[in-house]
Amino acid sequence: MAIKQVRKIGDPVLREISSEVEKIDRGLLDLVKDMLDTLQDEGGVGLAAPQIGITKRVIIVRLEEKVQTYINPEIKPMGSEMSEDDEGCLSIYSVQGFQVKRYSKIKVKAGNLKGRSVEFIAEDLFARVLQHEVDHLNGKLFIDRLDADSKMELLKRVNEITS
């Protein structure tokens, strides 16, 4: 299909709450293909539809060269254990070096491209990526999870990149 431009911090579409996918049709399949092409081009581990300007509840995750699509994903923490690790985001110019707290283990319920519901437990990096991408569907960026000093430092680095 096509490589799409990744929307960057400051673009209002990144702050919108995405709408549910009602049906799997040609439009949705084309969207997923565009997302895959874009993720491949950008080299990230995950991408949410709003990052290419489409406010639909669709994410893709690529770990260990395996790509999965999740439609209307819902996540629930399993326990209270959290881990703090470095995160980056294609929508924040792939700036890294900022520690973000996420649940270590989550339960995921989502649809797949065959119209079936899937449920599974995700842990560690997989759980982190899923939480990051679902945040995008809810109009949030990882910068929203940083303390004030880290947020200022991140914005300073983004400003250096864009100036």
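Relevant structure appears above.
Along every chain, residues carry numbers that run from 1 in the direction the sequence is written. Restriction of local features to residues with pLDDT of at least 70 applies here, the model being predicted, together with a cutoff of 80 or more for giving and counting side-chain atom pairs; totals for whole chains, interfaces and linings are based on all residues. As a rule here, side-chain values cover all heavy atoms of the structure and leave hydrogens and water aside.

(A) Spatial organisation of the overall build of the protein chain. Going along the chain from the N terminus, every DSSP run of H or I of four or more residues is numbered as a helix, and every run of E of two or more is numbered as a strand. Summing up its helical and strand segments, the protein chain has 3 helices and 7 strands in all. In the protein chain, the succession of helices and strands from N to C terminus is α-β-β-β-β-β-β-β-α-α. Note that the radius of gyration is over C-alpha atoms, with the globule rule given as 2.2 Å times the number of residues to the power 0.38. By the compact-globule yardstick of 15 Å for 163 residues, the protein chain fits well, its C-alpha radius of gyration being 15 Å. Seen through its principal axes, the protein chain has C-alpha atoms that stretch 45 × 40 × 30 Å. Throughout this description, buried means an accessible area under 20% of the type-specific maximum (1.4 Å probe, protein chains only), exposed means over 50%, and partly exposed covers the range between. Across the 163 residues that make up the protein chain, the buried fraction comes to 40%. A contact between two residues is defined here by any heavy atoms of the two lying within 4.5 Å. In the protein chain, the share of contacts with a sequence separation of at least 24, taken over all contacts with a separation of at least 6, comes to 63%. Only the protein chains shown count as cover for residues, and all accessible areas are computed by the Shrake-Rupley method using a 1.4 Å probe. On the protein chain, roughly 8900 Å² of surface is accessible, and the fraction owed to carbon and sulfur atoms is 46%. For the charge count, each Lys or Arg is scored as positive and each Asp or Glu as negative, with His and the chain ends excluded. Throughout, a charge is located at the NZ atom of Lys, the CZ atom of Arg, the CG atom of Asp or the CD atom of Glu. For the protein chain, the separation between the mean place of its 25 positive charges and that of its 28 negative charges on side chains is 5 Å.

(B) Expanded view of a negative patch on the surface. Here a patch means residues that are over 30% exposed by relative accessible area and free of salt bridges, tied together within 9 Å if like-charged and within 5 Å if nonpolar (Val, Leu, Ile, Met, Phe, Trp, Tyr). The salt bridge definition used is simple: a Lys or Arg side-chain nitrogen within 4 Å of an Asp or Glu carboxyl oxygen. A grouping of Glu84, Asp85, Asp86, Asp147 and Asp149 is seen on the molecular surface, where their side chains present a negatively charged patch. According to the relative accessible area criterion, Asp85 is partly exposed, its value standing at 40%.

(C) How the structure looks around the environment of Gly27. If you trace the backbone, Gly27 turns up in helix H1 (residues 26–42). For the pair formed by Gly27 and Ile3, sequence separation is 24 residues and the distance between their alpha carbons is 16 Å.

(D) Layout of the packing of aromatic side chains. Only rings of Phe, Tyr and Trp enter the pairing, Trp through its six-membered ring, and a pair is recorded when the two centres are within 6.5 Å. The plane angle decides the type: under 30 degrees is stacked, over 60 is edge-to-face, the rest tilted. On inspection of all chains with the given rule, the structure shows 2 aromatic pairs. Geometrically, the ring pair formed by Phe120 and Phe126 is stacked, given 5.6 Å between the ring centres and 5 degrees between the ring planes. According to the relative accessible area criterion, Phe120 is partly exposed, its value standing at 21%. Owing to a relative accessible area of 24%, Phe126 belongs among the partly exposed residues under this scheme. Among the aromatic residues, ring-to-ring pairing joins Tyr70, Phe120 and Phe126 into one connected group. Lysine NZ or arginine CZ positioned within 6 Å of the ring centre and within 35 degrees of the ring normal marks a charge as sitting over the ring. Here the basic side chain of Lys8 rests over the ring of Tyr93, its NZ or CZ set 5.0 Å away from the ring centre.

(E) Highlighting the sheet that holds strand S7 (residues 117–123). Reading across the sheet, the 5 strands line up as S1-S2-S3-S6-S7 and stay open at both edges, with antiparallel pairing between neighbours. Taken across any chain shown, the strands that pair with only one partner, and hence form the sheet edges, are strand S1 (46–48) and S7. This sheet shows a mean twist of 40 degrees between the axes of neighbouring strands, independent of strand direction. The pairing of S1 with strand S2 (residues 58–63) spans 3 bridges and is antiparallel. Paired with Gly46 across the strands is Val61, a residue of S2. In the packing of H1 onto the sheet, contacts are made with S1, S2 and strand S3 (66–77), and the angle to S2 comes to roughly 40 degrees. Note: two strands are recorded as paired if DSSP finds a minimum of 2 bridges between them. The convention used is that axes are lines fitted to C-alpha atoms, helices contributing only their stretch in contact, and that angles between N-to-C directions extend from 0 to 180 degrees.

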